[in-house]
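# Residue-level structure breakdown
Residue strings, one per chain:
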Amino acid sequence: MTCRQSRILCLGGLHWDTILRCQDKLVSGESNPVCTTGIPGGVAFNVATALSRLGSDVGLTSRVGRDKNGKSLYDHLESNDIQPVALEFDSEAPTGSYTAVLDLNGELVIGLADMAIYDRLSAEYWQKYEAQLQSWDAWCVDSNLSGPALESLAMLLDSSRLYAVATSPAKSHRLGGVLTRLNTLFLNTCEAAVLSGRESGGLRHALQQAQCLRDRGLKQVVITAGAQGVAWADCGGCGSLTAPIAETGNLSGAGDALAAATIAALEQDHSLRTAARWGLSAGIIAAQPGPSRTALSWHALEQTAKLIDD
Ligand SMILES: Nc1ncnc2c1ncn2[C@@H]1O[C@H](COP(=O)(O)OP(=O)(O)OP(=O)(O)O)[C@@H](O)[C@H]1O
Ligand SMILES: [Mg+2]
């Protein structure tokens, strides 16, 4: 696939992920030996990283603390070709953090999000930086932003190029006020249950949720169902794509890679159905085990798409 450059600004989470993996069977209420790793994270950051790897010109708007983590996140953006845009260092709030405790098998035991700093991204903040935000072609917001912040942004930006990604079931209700102003919304089936009131589950449930949200005025929607694949709906119809069975590693961020590749394909004027196929390919690559994971590129997506049944 030829890659037309698209200038996309991501707005939302940029924080530090700390992963604590238990070295033995977890005993709750006691001290457990763990192995600790730290990596940059946040949905907006993950989407920006994947878009950058696919050749888009990418910016990131967020807020970090005036602390060590904030400085290293900022440096990380520069070395990954992501332009910091309206990104302030906060002297009063610490950089956001997400701490995940994984059991011996790598399954999430508990995730802890300290992200109060994003509540300081407000309507006034957008007004202050309006000219910089408007200078991009398309925008991708995540639900780390508060409901009022999402609503004021949606009034400011061209809704025909406004994409949104849900970050967790706890925060997806924040997107309720902007549904009709989005080009496309990306979410997993648990997040879709909050917004649609429809039961979560496998691909069949995801398809029903997608139709329900489309019928409520959302132009385009993509709902992931983990290992099963992805469902989509737009004004022309709806459908689903089944993921091939594959060995997987750390699944965190697979949904964000899927959203990024779908957005990149939509920006190249592909239909939602075709774009969702590129997206699923990116999700499959992101879910591969770390040591054998293919680097994200259009060529790799093309190869992976061959494994997906029509
Ligand atoms: N167990 C799995 N096997 C194969 N592919 C998977 C698996 N889990 C996820 N994927 C891939 O990742 C995509 C998104 O997965 P999922 O529904 O878990 O998103 P998510 O919960 O939003 O993830 P995250 O928020 O951590 O990025 C799927 O559509 C699929 O392509
Ligand atoms: Mg997700």
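Presented here is an overview of the structure given in this document. What you are looking at is a predicted structure, and each value in this text was computed from that prediction instead of being measured. Numbering of residues begins from 1 in every chain and follows the order in which that chain's sequence is written. Whichever chain is written first becomes A and whichever ligand is written first becomes 1, with later ones labelled in order. Given that this is a predicted model, residues contribute local features only at a pLDDT of at least 70 and side-chain atom pairs are listed and counted only at 80 or more, while totals for whole chains, interfaces and linings are drawn from all residues.

The burial label depends on the number of other C-beta atoms within 10 Å of a residue's C-beta. Counts of 20 or more mean buried, 12 or fewer mean exposed, and intermediate counts mean partly exposed, with C-beta atoms placed from the backbone. Per the convention used, a helix needs a DSSP run of H or I reaching at least four residues, while a strand needs a run of E reaching at least two, with both numbered from the N terminus. Among the five residues that make up strand 1 (residues 7-11), four are buried, leaving the element largely enclosed by the rest of the structure. In this description, strands pair whenever DSSP reports at least two bridges between them. Alignment of strand 1 against strand 4 (residues 57-61), held across five bridges, turns out to be parallel. Within the sheet, the bridge partner assigned to leucine 11 lies in strand 4 and is threonine 61. Summarising the sheet, strand 1 and strand 10 (residues 138-142) pair through four bridges and their orientation is parallel. Within the sheet, the bridge partner assigned to isoleucine 8 lies in strand 10 and is alanine 138.

The pairing of strand 2 (residues 15-22) with strand 8 (residues 97-102) spans six bridges and is parallel. In the sheet register, leucine 20 faces strand 8, and the bridge partner there is valine 101. The loop that links strand 8 with its antiparallel partner strand 9 (residues 108-114) comprises five residues; one of these, glycine 106, has a positive phi angle of about 85°.

On to the sheet that holds strand 10, then. Taken together, the nine strands give an open sheet; going across it, the order is 6-4-1-10-11-12-13-14-15, and neighbouring strands pair in mixed fashion. The open sheet has two edge strands with one neighbour each: strand 6 (82-84) and strand 15 (237-242). Within the sheet, the average angular offset between the axes of one strand and its neighbour, ignoring direction, is 20°. Both strand 11 (residues 162-165) and strand 12 (residues 184-188) contribute to a ladder of three bridges, which runs parallel. The partner of tyrosine 163 across the bridge, within strand 12, is threonine 184. Remark: residues whose backbone-derived C-beta atoms lie within 7 Å of one another are considered to be in contact. Fitted lines through C-alpha atoms serve as axes, helices being fitted only where they are in contact, and the angles separating the N-to-C directions of these axes extend from 0 to 180 degrees. Docked against the sheet, helix 1 (residues 43-53) engages strand 1, strand 4, strand 6, strand 10 and strand 11, running at close to 170° with respect to strand 4. Where helix 7 (residues 203-215) meets the sheet, it contacts strand 13 (220-224), strand 14 (229-234) and strand 15, and its direction lies at approximately 20° from that of strand 14.

Here we take up the packing of helix 9 (residues 272-286) against helix 10 (residues 298-305). Pairs of packed helices are described in terms of their axes, by the angle between the two and the distance that separates them. Where helix 9 meets helix 10, the closest approach of the two axes is 9 Å, and the angle between their N-to-C directions is 95°. Relative to helix 10, the element helix 9 lies roughly perpendicular. Touching Arg277, Trp278, Ser281, Ala282, Ile284 and Ile285 of helix 9 are Ala300, Leu301, Thr304 and Ala305, all from helix 10. Per-class residue counts for the contact of helix 9 with helix 10 are seven nonpolar, two polar and one charged. In this scheme, roughly parallel covers angles under 35 degrees and roughly antiparallel covers those over 145, while 65 to 115 is roughly perpendicular and the rest are oblique. Each residue gets one of three labels, nonpolar for Ala, Val, Leu, Ile, Met, Phe, Trp, Tyr, Cys and Pro, charged for Asp, Glu, Lys and Arg, and polar for the others, Gly among them.

With that settled, the discussion passes to unusual backbone geometry. Although it is not a glycine, alanine 86 sits at a positive phi angle of roughly 50°. On the secondary structure map, alanine 86 appears in the loop between strand 6 and strand 7 (88-90). With a phi angle near 65°, aspartate 269 is a residue other than glycine that sits in the positive phi range. Judged by local crowding, aspartate 269 falls into the exposed class, with 9 C-beta atoms found within 10 Å.

On to the nonpolar core. In this structure, Val47, Ala260, Ala261 and Ala282 are the most contacted members of the largest nonpolar core, which totals 90 residues. Here this core gets 10 residues from one element, more than from any other, and that element is helix 8 (residues 254-266). The residues touching alanine 261, leaving out its near neighbours within four places in the chain, are Ala50, Leu54, Trp278, Gly279, Ser281, Ala282 and Leu301. Nonpolar cores are built from buried Ala, Val, Leu, Ile, Met, Phe, Trp, Tyr and Cys residues. These are joined into a set through C-beta atoms within 7 Å.

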